[in-house]
Amino acid sequence: MSIKDHGGSAEEWKRERQAGIEVTTDGNAIKLAAERARPSSFLAMADPSNSNKFGPYEPTSKAMRGVSAAPIIGIILLLLFFPCALSSKTADTEDKQCVMRGICGKDGELRQNCRYEKQPVPVNSSMEIEYSELCPQLFKEGNTDLCCDDEQFDVLKQKLVTARNILWHCPSCYANYVNFWCQFACSPYQAQFVEIVETRRADDVEYVSEVNYYVTKRYADELFDSCKKVHLSTEDFSLRVLCGTDVDLCTPERLFRYIGTYSKINRVPFTINVTMLKEGQTVQKNNKIIRPMDTITYKCDVVPPNFGHNCECVDCHLCKPSPPLPPEPFPVWRYRKVLCTIEKRTGWMFGACIDDPTPAPTEQGGTIGM
């Protein structure tokens, strides 16, 4: 109500307004505060859009006065979303699981792994660089947890000596082959693609004697493809050694069957049944879901990490050789009014002279007659 409608003096109208009383046209007095009823919802109080409806929010408790709603909302959002982040971290930790770790069995110079169905262990910091140089894919996304210890790692390096000698000059083939064994021995997700089939005991200690190793058909084919043209010598191929048969008969299936067969000569300490699955295919085994190993591979014309060059063209079917260099020019000299040259063809020297179409220069840059 305006002062004009009030009917009283200006002083009376002012005192009533300060007291929170308004006299309506029908003579009834109401509390203005009733029009400013406090919202019952906390979110309604915090919503600026409700200020016109409910009036400015003033905490009734002295303890709440001067406290902004924004930090409280932040705390509520943190409580809502923190469990999600925590569960994601927990899920990642639960995905990391080993089935083997450490050395428990000995067979001459061969070493068999211990059964170890627990989570992986952080790598020894003093050895991390050496591990990462041989097995860089194990340390993706900052991972430092592994399912192998230092003793196993030494065994792995010894096993790969032969492969290094025959594959080193084709880095992509060598990198793919080494990664195949790094994932098998040390991957923190080992339990997803390695299944223990049989164990034995010696001196009351259980060790692994047979496993299934699941990989994708894509990985197996691309590893094989990167190595199939790598030469051991001019007339021989490295796959003959790795496949145990003539290179023309070698296939991805034969390759992985041979390198997984128990052999003291090939330093395979127990039977490893390499099984190929399609990408995305899973297998249910003993209440566990098997997901095949499927990491990055490098084609033979690609330079892998930790290497400074790719395969030579003689070892890579994808290589595009550089065009041949033009032949070096043969020497040409002038004799009187004749230009002469000598050319070598199939072991013979041929000479030819033609009339010189240009005059010979003088010492001052002019021409001289002959």
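So, how was this worked out
- Residues numbered from 1 in each chain as written.
- Predicted model: local features only at pLDDT ≥ 70, side-chain atom pairs only at ≥ 80, totals over all residues.
- Heavy atoms only, no water.
- Disulfide = S-S within 2.5 Å.
- Helix = DSSP H or I, 4+ residues; strand = E, 2+ residues; numbered from the N terminus.
- Buried < 20%, exposed > 50% of the residue type's maximum accessible area, 1.4 Å probe, protein only.
- Axes fitted to C-alpha atoms, helices over the stretch in contact; angles between N-to-C directions.
- Parallel < 35°, antiparallel > 145°, perpendicular 65-115°, else oblique.
- Contact = heavy atoms within 4.5 Å.
- Nonpolar A, V, L, I, M, F, W, Y, C, P; charged D, E, K, R; others polar.
- Salt bridge = Lys/Arg side-chain N within 4 Å of Asp/Glu carboxyl O.
- Phe/Tyr/Trp six-rings, centres within 6.5 Å; stacked < 30°, edge-to-face > 60°.

- With an unreviewed UniProt entry as reference, the protein is termed Niemann-Pick C1 N-terminal domain-containing protein, source organism Heterodera schachtii.

**Overview of the state of the cysteines**
Phase 1 of the analysis: Considering all chains together, one arrives at 9 disulfides under this definition.
Phase 2 of the analysis: Note that Cys-104 is cross-linked by a disulfide to Cys-114, the S-S spacing being 1.9 Å. A torsion of 100° about the S-S bond marks the disulfide between Cys-104 and Cys-114 as right-handed. Here the residue Cys-104 occupies a position in strand S3 (residues 100-107), and Cys-114 occupies one in strand S4 (residues 110-115), the gap between them amounting to 10 residues.
Phase 3 of the analysis: Residue class for Cys-104 comes out partly exposed when judged on its relative accessible area of 26%.
Phase 4 of the analysis: Classification of Cys-114 as buried rests on a relative accessible area of 11%.
Phase 5 of the analysis: At a sulfur-sulfur separation of 2.1 Å, the disulfide partner of Cys-148 is Cys-186. Between Cys-148 and Cys-186, the disulfide has an S-S torsion of 105° and is therefore right-handed. Here Cys-148, found in the loop between strand S6 (145-146) and helix H7 (150-159), pairs with Cys-186, found in helix H9 (residues 171-186); they are 38 residues apart in sequence, far enough to count as distant. For the residue pair Cys-148 and Cys-186, the accessibility class agrees, reading buried in each case.

**Considering the packing of helix H11 (residues 217-227) against helix H13 (residues 252-259)**
Phase 1 of the analysis: One can describe the packing of H11 onto H13 by two numbers: an axis separation of 9 Å at closest approach and a directional angle of 90°. Relative to H13, H11 is oriented roughly perpendicular. Residues Lys-217, Ala-220, Asp-221, Leu-223 and Phe-224 of H11 touch H13, and the partners they reach there are Pro-252, Glu-253, Leu-255 and Phe-256.
Phase 2 of the analysis: Classifying every residue of the contact of H11 with H13 gives 6 nonpolar, no polar and 3 charged.

**Considering the pattern of salt bridges**
Phase 1 of the analysis: If you walk through the whole model with that rule in mind, you get 16 salt bridges.
Phase 2 of the analysis: Here Glu-117 and Arg-115 are joined by a salt bridge, their closest N and O atoms 3.3 Å apart.
Phase 3 of the analysis: On the accessibility criterion, Arg-115 (35% relative accessible area) is partly exposed.
Phase 4 of the analysis: Asp-236 is the partner of Arg-240 in a salt bridge, and the nearest nitrogen-oxygen pair spans 2.8 Å.
Phase 5 of the analysis: In this structure, a network of salt bridges that share partners links the residues Arg-115, Glu-117 and Glu-206.

**With respect to the environment of Val-247**
Phase 1 of the analysis: With respect to the helices and strands, the residue Val-247 is situated in the loop between helix H12 (238-243) and H13.
Phase 2 of the analysis: On a C-alpha basis, the gap between Val-247 and Lys-229 in space is 9.3 Å, while along the polypeptide they are 18 residues apart.
Phase 3 of the analysis: Apart from the residues lying within four places of it in its own chain, the contact partners of Val-247 are Lys-228, Phe-237 and Leu-239.

**Here we look at the packing of aromatic side chains**
Phase 1 of the analysis: The tally for this structure, following the rule as stated, stands at 11 aromatic pairs.
Phase 2 of the analysis: Judged by centre distance (4.9 Å) and plane angle (40°), the ring pair of Phe-180 and Tyr-213 falls under tilted. Of this pair, Phe-180 sits in helix H9 while Tyr-213 sits in strand S8 (residues 205-216); the two residues are 33 residues apart in sequence, bridging distant segments of the chain.
Phase 3 of the analysis: With a relative accessible area of 0%, Phe-180 lands in the buried category.
Phase 4 of the analysis: A relative accessible area of 0% means that Tyr-213 is categorised as buried.
Phase 5 of the analysis: On the numbers, 5.9 Å between centres and 85° between planes, the contact of Trp-181 with Phe-184 is edge-to-face. Taken together, the residues Trp-181 and Phe-184, both in helix H9 and 3 residues apart, mark about one turn of the helix.

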